[in-house]
Amino acid sequence: DPKIIQKPKYLVAVTGSEKILICEQYLGHNAMYWYRQSAKKPLEFMFSYSYQKLMDNQTASSRFQPQSSKKNHLDLQITALKPDDSATYFCASSLPGTSAETLYFGSGTRLTVL
Amino acid sequence: AQSVTQPDARVTVSEGASLQLRCKYSSSVTPYLFWYVQYPRQGLQLLLKYYSGDPVVQGVNGFEAEFSKSNSSFHLRKASVHWSDSAVYFCAVSSGANTGKLTFGHGTILRVHP
């Protein structure tokens, strides 16, 4: 059974709309992350949360807003969608502290913005 | 700043052959190095990681990697590949600051002929 669940697997949106990508992890981890993989670009770090608090934000745009309602949830809200936002978005988690770099990934949400 | 280069976008080998996937990194500090694998329609899974000590590290499924500080490399090897090893392999580096922020290469698509 997958331990990190991302929903939906595929998402098509129109330019200017808003979408929420869901991530739940059942590994008991307290650190969660979002990464993005765009066409022809490597996987890029977006956000990190630890104990439901934002630790690092590497996105240049405020259109990307992570939301943590529970300690095992880290959703990603994207507003005013643009075609350049088309990518596969991966959620990941880890134990905090010295094991923080050992990331466990979900299977991703592939977003296409038309 | 850190960076990772995987010079081979695609590698094709026959089943039973040996394998080497190349990875070069750039880091201003002693890096933490990782290899991840992504099977079709799945998330990334950790194969192995290197922090310090013996430069040859063993991973899952018979994979190993060798760290070379002089060459700034962390190449992945396997003595005998199986068709099920067909996947995308990612090399990644972090500063080891326990942030969960990894810098990934573009990945190498491995195809194993049965």
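Bear in mind that the values here come from a model prediction, so they are computed numbers and not experimental data. (Residues numbered from 1 in each chain as written. Chains lettered and ligands numbered in written order. Predicted model: local features only at pLDDT ≥ 70, side-chain atom pairs only at ≥ 80, totals over all residues. Heavy atoms only, no water.)

Draft legend 1. Focus on the overall build of chain B. Helix and strand counts for chain B stand at zero helices and twelve strands. Mapped in sequence order, the helices and strands of chain B form the string β-β-β-β-β-β-β-β-β-β-β-β. Rg of the C-alpha trace for chain B: 13 Å, near the compact-globule value of 13 Å for 114 residues, within the 12% margin. The buried share among the 114 residues of chain B stands at 44%. For chain B, long-range pairs separated by at least 24 residues make up 55% of all intrachain contacts whose partners lie at least 6 apart in sequence. Per element, the accessible surface of chain B, about 5,500 Å² overall, is 49% carbon and sulfur. (Helix = DSSP H or I, 4+ residues; strand = E, 2+ residues; numbered from the N terminus. Rg over C-alpha atoms; globule rule 2.2 N^0.38 Å. Buried < 20%, exposed > 50% of the residue type's maximum accessible area, 1.4 Å probe, protein only. Contact = heavy atoms within 4.5 Å. Areas by Shrake-Rupley, 256 points an atom, 1.4 Å probe, with all protein chains shown as cover.)

Draft legend 2. Focus on the interface of chain B and chain A. Contact with chain B, which involves 22 residues of that partner, is made by 21 residues of chain A. Carbon and sulfur atoms make up 53% of the area that chain B and chain A hide from each other, which totals about 1,700 Å². Seen at the junction of chain B and chain A, the total is one salt bridge. Linking chain B with chain A are six residue pairs in polar contact (both at pLDDT 80 or more), by the criterion used here. Looking at the side of chain B that touches chain A, the elements with two or more residues in it are β5 (32-38), β6 (44-50) and β10 (87-94) of chain B. Its residues assigned to classes, the side of chain B that touches chain A comprises nine nonpolar, ten polar and three charged. (Buried area = accessible area lost by both parts, 1.4 Å probe. Salt bridge = Lys/Arg side-chain N within 4 Å of Asp/Glu carboxyl O. Polar contact = N/O pair within 3.5 Å; in protein donor to acceptor, adjacent residues only side chain to side chain. Nonpolar A, V, L, I, M, F, W, Y, C, P; charged D, E, K, R; others polar.)

Draft legend 3. Representation of unusual backbone geometry. Residues and elements named next belong to chain A. Backbone torsion omega between Lys-7 and Pro-8 reads -10°, so that peptide bond is classified as cis. The phi torsion at Ala-80 lies on the positive side, around 45°, for a residue other than glycine. Structurally, Ala-80 is set in the loop between β8 (75-78) and β9 (87-94). Relative accessible area serves as the criterion here: at 38%, Ala-80 is assigned to the partly exposed category.

Draft legend 4. Summary view of empty space enclosed by the protein. All names here are of chain A. Applying the stated rule across the entire model yields one cavity of 30 Å³ or more. Around the largest cavity sit Asn-30, Met-32, Tyr-49, Ser-50, Tyr-51, Gln-52, Ser-68, Lys-71, His-73 and Leu-74, which together line it. Looking at the lining of the largest cavity residue by residue, the class counts come to four nonpolar, five polar and one charged. (1 Å grid on protein atoms, 1.4 Å probe; cavity = no way out; pocket = protein on both sides within 12 Å on 5 of 7 lines; lining within 4 Å. Points joined across faces, edges and corners; volume = space filled by probe spheres on them.)

Draft legend 5. How the structure looks around the side chain of His-29 of chain A. All names here are of chain A. As for its position among the elements, His-29 is in the loop between β3 (19-25) and β4 (31-37). Residue His-29 is classed as buried on the basis of its relative accessible area of 7%. Within polar-contact distance, the side chain of His-29 engages the side chain of Ser-93 at 2.7 Å. When neighbours within four sequence positions are excluded, His-29 is seen to be in contact with Lys-71, Ser-93, Ser-94, Leu-95 and Tyr-104.

Geometric values such as these leave the question of function open.
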